[in-house]
Amino acid sequence: VYPSSKRDLREVRFTPPGMVFQITTYVYDNKVIILSSRRELFGLLIESQEIAQTHRNYFEALWQISTPG
């Protein structure tokens, strides 16, 4: 659906089967934004260097166990 594309500067990876994420998380500088499903319509902004770094670590760990798209 979203193929990896060097032209679009994008690399897609797929999480292991059964690993489903029902929220969206963005990390930027020292901020983490968590958005819930459309049904709940909830958002949370956290400004914390430690929490942002922890979420970057989560991303890197997940990237390592995911497969290329």
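Quick note: structure is the one above.
Just so you know, these numbers come straight off a predicted model, no measurement behind them.

## Comments concerning the overall build of the protein
Moving on, step 1. Broken down by element type, the protein carries one helix and five strands.
Moving on, step 2. Each helix (α) and strand (β) of the protein, taken in turn from the N terminus, gives the series β-β-β-β-α-β.
Moving on, step 3. Seen along its three principal axes, the alpha-carbon backbone of the protein occupies a region of about 30 × 30 × 25 Å.
Moving on, step 4. Buried positions account for 12% of the 69 residues belonging to the protein.
Moving on, step 5. Accessible surface computed for the protein: about 6100 Å², of which carbon and sulfur atoms make up 58%.

## Concerning the packing of aromatic side chains
Moving on, step 1. Under the counting rule described, the total for this entry stands at one aromatic pair.
Moving on, step 2. The ring of Trp 63 carries the charged tip of Arg 13 above its face, separated from the ring centre by 4.9 Å.

## So, the side chain of Ser 36
Moving on, step 1. Along the chain, Ser 36 falls in the loop between strand E3 (31-35) and strand E4 (43-47).
Moving on, step 2. Overall, the relative accessible area of 17% leaves Ser 36 in the buried class.
Moving on, step 3. A distance of 2.8 Å separates a polar atom in the side chain of Ser 36 from the backbone nitrogen of Phe 42.
Moving on, step 4. When residues no more than four places from it in sequence are discounted, the contact partners of Ser 36 are Gln 22, Ile 23, Leu 41 and Phe 42.

## Focus: unusual backbone geometry
Moving on, step 1. Phi at Asp 29 is positive, roughly 50°, even though this residue is not glycine.
Moving on, step 2. Summarising the element assignment, Asp 29 is placed in the loop between strand E2 (24-28) and E3.
Moving on, step 3. Judged by relative accessible area, Asp 29 falls into the partly exposed class, the value being 47%.
Moving on, step 4. Even without glycine at this site, Leu 41 takes up a positive phi of about 50°.
Moving on, step 5. If you trace the backbone, Leu 41 turns up in the loop between E3 and E4.

Reading the values: rules and limits
Residues numbered from 1 in each chain as written. Predicted model: local features only at pLDDT ≥ 70, side-chain atom pairs only at ≥ 80, totals over all residues. Heavy atoms only, no water. Helix = DSSP H or I, 4+ residues; strand = E, 2+ residues; numbered from the N terminus. Buried < 20%, exposed > 50% of the residue type's maximum accessible area, 1.4 Å probe, protein only. Areas by Shrake-Rupley, 256 points an atom, 1.4 Å probe, with all protein chains shown as cover. Phe/Tyr/Trp six-rings, centres within 6.5 Å; stacked < 30°, edge-to-face > 60°. Lys NZ or Arg CZ within 6 Å of the ring centre and 35° of its normal. Polar contact = N/O pair within 3.5 Å; in protein donor to acceptor, adjacent residues only side chain to side chain. Contact = heavy atoms within 4.5 Å.

These results come straight from atomic positions and should not be treated as a statement about function.
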